[in-house]
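Fold and contact review
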Amino acid sequence: MRKENLSLFQQIVQAHNISCTIIEKDFSNLYKADLDLRGKLFSDYDYHELRDFLLKYSQPGHILKLFDEFGLISYVLCLSPLPEDIRLHDGAPLQDGYTDNTYLVVGPILKETFTLVDIQKIMFKNKLPDTLYKDLSAFYANIPVPPTLKSLEATLLVISENLFSEKYDLLEPQEFSGITADSSSAFRRLNEDPQLAITSIEERYAVENQFLDMIATGNYNAATRLYAQFKNYKIAPRNPNIVLNTKNLLIILNTLCRKAVERGNVHPVYIDDLSTRIAVLINDAHTAGDLEQIEGDMIHKYCLLVRNHSMKNYSQITQRCITYIDFHYAEPLSLSFFANMCHVTKSYLSTLFKKETGTNITDYIHNVRIRHALVLLNSTSMPIHAVATSCGYTDINYFIKIFKRLNGASPKQYRVHMAQQA
């Protein structure tokens, strides 16, 4: 149960676009507490001071709020060991630098977005050369800034108490200032090329690729979460006009999503239709609010496109039938027609199609036709018999029967209901 709750804690924190790290028992990944900032800046730096500080001051029931000399804020949560953690070493003393407790580090974050002056003050305070300004600017640009620290801290206390069945207090230890003072560049050898910007770019591309993978599989929830994380990596504006700059970024996003959906094995005609419609919306938008709405809708629509039209796991025969139905639904279609088209027996085609799609080919034809009928009933005033003909039904009574079976109402009842909802 502890493992599942730790994972849930991480997910809740990361949903706020804030890093959350479960520290290894030997503290080997403690560098993630500051995203390896000191490790990259200073050639002789290790994290044993922070490790020793946590072993001494971080106790179960406490959330330590740590504010360091680089303006970074982190929260450290300590969990007491489970019985099985102690049994692993039969009660024998642990090696130096190991712990039975479990530590979670939330952050780092910033209280507010750093300005040029803020970064220069940090550099002066830590005796860092001007040549590092670009690297530090790239680093700070990717550190999240929550709406308010109080709301974040309240959230951490609530989820900690509920997930780990223990009351927690938030502490801001003064002793931590001594640790950070010893970590300043006055006592450290500076790396000539810390490459902070390169690391940031690599991380951004990794998140971007994960995001596109989720688009390609139609996983909207994961895609939304990863895109929010991706937006944490603030890209320097390429145009001083905010609306024009946002339009440029959305055009790039539209192109990336289009290529991702192509990997999801969606027919190019569907991709081109959606990407064109989104491009028109982006071009016609006049405000930042309009563009924000397009941004959210774009991810949703591309994921729906994959879920509704991906043929990734279908055989060539099934793909060929589906593509033909999607673009020729108004023509006379039957199992015999497709069996002849694919040069297979009706029995073989019926079994294959049902196995791969979960439905028989006749029902698939009806679903496609009725889906188009819904669009016409919603967006036009065409008579119902004309809608039936446009969707491939020559017998209006048969059309009404199929429509009612799939939607629970007749076409007329459906149209009246939609008019009342408008």
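This text goes with the structure placed above it.
This write-up is about the structure you can find in this document. Predicted model, so just to flag it, every value in this text is computed and none were measured.

1. Details of helix α19 (residues 396–407)
- Its 12 residues give α19 an end-to-end C-alpha distance of 16 Å, which sits within 8% of 16 Å, the value for a rise of 1.5 Å per residue.
- If you check which residues of α19 are buried, you get Phe-399, Ile-402 and Phe-403. In an axial view of α19, the angular spread of the buried residues amounts to 100°, which keeps them on one side of the axis. Among the exposed residues of α19, those pointing more than 90 degrees away from its buried face are Asn-397, Lys-401 and Arg-405.
- Along its buried surface, α19 packs onto α17 (361–379), α18 (384–390) and α20 (411–421).
- Residue Gly-408 follows α19 closely and has a positive phi angle near 75°.

2. Section: the nonpolar core
- Counting 31 residues, the largest nonpolar core has Leu-30, Leu-54, Phe-70, Leu-72, Leu-128, Leu-136 and Tyr-140 as the members making the most contacts within it.
- Looking at this core, the elements that each hand over two or more residues are α2 (37–41), α3 (48–57), β2 (62–67), β3 (73–79), β4 (102–109), α5 (116–125) and α6 (133–141).
- Setting aside residues no more than four positions away along its own chain, Leu-72 makes contact with Asp-34, Leu-37, Leu-66, Phe-67, Pro-108, Ile-109, Leu-110, Phe-139, Tyr-140 and Ile-143.

3. Details of the packing of aromatic side chains
- For the coordinates displayed, the defined rule picks out 16 aromatic pairs.
- Arranged with centres 5.2 Å apart and planes meeting at 85°, the rings of Phe-337 and Phe-338 form a pair that is edge-to-face.
- For Phe-337, a relative accessible area of 31% puts it in the partly exposed group.
- For Phe-338, a relative accessible area of 0% gives the class buried.
- Here a set of aromatic residues connected by ring pairs shows up, and it is made of Tyr-393, Tyr-398, Phe-399, Phe-403 and Tyr-414.
- The ring centre of Tyr-393 lies 5.3 Å from the NZ or CZ of Arg-369, which sits over that ring.

4. Details of the sheet that holds β3
- In spatial order, the strands read β1-β4-β3-β2-β5; together these 5 strands make up an open sheet with mixed pairing. Two strands lie at the open edges of the sheet, namely β1 (20–22) and β5 (169–171), each paired on one side alone. Across this sheet, the average inter-strand angle for adjacent strands is 20°, counted without regard to direction.
- This element, α3, spans β2, β3 and β4 of the sheet and lies at about 145° to β2.
- Of the strands in this sheet, β2, β3, β4 and β5 are in contact with helix α7 (residues 149–164), which crosses β3 at around 15°.

Calculation rules
Residues numbered from 1 in each chain as written. Predicted model: local features only at pLDDT ≥ 70, side-chain atom pairs only at ≥ 80, totals over all residues. Heavy atoms only, no water. Helix = DSSP H or I, 4+ residues; strand = E, 2+ residues; numbered from the N terminus. Expected span 1.5 Å × (residues − 1). Buried < 20%, exposed > 50% of the residue type's maximum accessible area, 1.4 Å probe, protein only. Arc of directions from axis to C-beta. Contact = heavy atoms within 4.5 Å. Core = buried A, V, L, I, M, F, W, Y, C linked by side-chain atoms within 4.5 Å. Phe/Tyr/Trp six-rings, centres within 6.5 Å; stacked < 30°, edge-to-face > 60°. Lys NZ or Arg CZ within 6 Å of the ring centre and 35° of its normal. Pairing = 2+ DSSP bridges. Axes fitted to C-alpha atoms, helices over the stretch in contact; angles between N-to-C directions.

Geometric values such as these leave the question of function open.
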